[in-house]
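Architecture and fold: a report
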Amino acid sequence: MKNILLIFIGGGAGSLMRYFLSRFINSLSTSHFPFGTFVVNVAGCFLIGFVIFYTERYGERADTWRLLLATGLCGGFTTFSTFSLESSELISEQHILVFLLYAGGSILLGLLATYLGLLAGRAI
């Protein structure tokens, strides 16, 4: 139950951070480029990398912090950070074909699913 609560609190905080930071950044720009989402995704990737690397030295004693910050906060802030971490791990473990399938499939199928969802929504 404690782990679920940690993820819940971190996820809620991360979602709020994403919302406010993205809105703030987008308010500074007149471009069509989605700077808010872009900055949030890059910042989330940095944060999850930092949290995972920093907490590894503490082993199981840091599980609570990893759940709160990596799974919860970064997961709520951006799932792109988890995608990036998993992709980096596949590359570092030299699972290049799996990485290419995962990254390529995630991007292509994600875009296709979004488009199909838009079409389905319009059809209702």
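Our subject is the structure listed above.
Residues numbered from 1 in each chain as written. Predicted model: local features only at pLDDT ≥ 70, side-chain atom pairs only at ≥ 80, totals over all residues. Heavy atoms only, no water.

1. So, the overall build of the chain
- Secondary structure assignment for the chain yields five helices and zero strands.
- Mapped in sequence order, the helices and strands of the chain form the string α-α-α-α-α.
- A principal-axis box enclosing the C-alpha atoms of the chain has dimensions of 50 × 35 × 30 Å.
- Expressed as a percentage of its 124 residues, the buried residues of the chain come to 26%.
- The contacts of the chain with a sequence gap of at least 6 include a subset with a gap of at least 24, amounting to 57%.
- Carbon and sulfur atoms provide 72% of the accessible area of the chain, an area that totals close to 8,900 Å².
- Side-chain charges of the chain comprise 7 positive and 6 negative groups, with the mean position of each set lying 14 Å from the other. (Helix = DSSP H or I, 4+ residues; strand = E, 2+ residues; numbered from the N terminus. Buried < 20%, exposed > 50% of the residue type's maximum accessible area, 1.4 Å probe, protein only. Contact = heavy atoms within 4.5 Å. Areas by Shrake-Rupley, 256 points an atom, 1.4 Å probe, with all protein chains shown as cover. Lys, Arg positive; Asp, Glu negative; His and termini not counted. Charge placed at Lys NZ, Arg CZ, Asp CG, Glu CD.)

2. Re the side chain of T78
- Considering the arrangement of structural elements, one finds T78 in the loop between α3 (63-77) and α4 (79-92).
- Look past the residues within four positions of T78 in its chain and what remains in contact with it is R18, V40, N41 and G44.

3. Topic: the packing of α4 against helix α5 (residues 96-123)
- Interhelical geometry of α4 versus α5 gives an angle of 160 degrees and a closest axis separation of 8 Å. By the angle between their axes, α4 is roughly antiparallel relative to α5. Crossing handedness for the pair α4 and α5: left-handed. Contacts between α4 and α5 involve F83, E86, S87, L90 and I91 from the former and I96, V98, F99, Y102, A103 and S106 from the latter. (Axes fitted to C-alpha atoms, helices over the stretch in contact; angles between N-to-C directions. Parallel < 35°, antiparallel > 145°, perpendicular 65-115°, else oblique. Left-handed = near helix turned anticlockwise from the far one by under 90°.)

4. A closer look at the environment of I52
- Mapped onto the secondary structure, I52 falls in helix α2 (residues 35-56).
- Judged by its relative accessible area of 17%, I52 falls in the buried class.

5. What to know about helix α1 (residues 2-27)
- Across its 26 residues, α1 extends 38 Å between first and last C-alpha, which sits within 8% of the 38 Å expected from 1.5 Å per residue.
- The set of residues buried in α1 consists of L6, G10, G11, G14, S22 and I25.
- For α1, the secondary structure elements touched by its buried residues are α2 and α3. (Expected span 1.5 Å × (residues − 1).)

6. As for the pattern of salt bridges
- The tally for this structure, following the rule as stated, stands at one salt bridge.
- A salt bridge links D63 to R66, with the nearest nitrogen and oxygen atoms 2.5 Å apart. You can see D63 and its partner R66 sitting in helix α3, three residues apart, about one turn around the helix. (Salt bridge = Lys/Arg side-chain N within 4 Å of Asp/Glu carboxyl O.)

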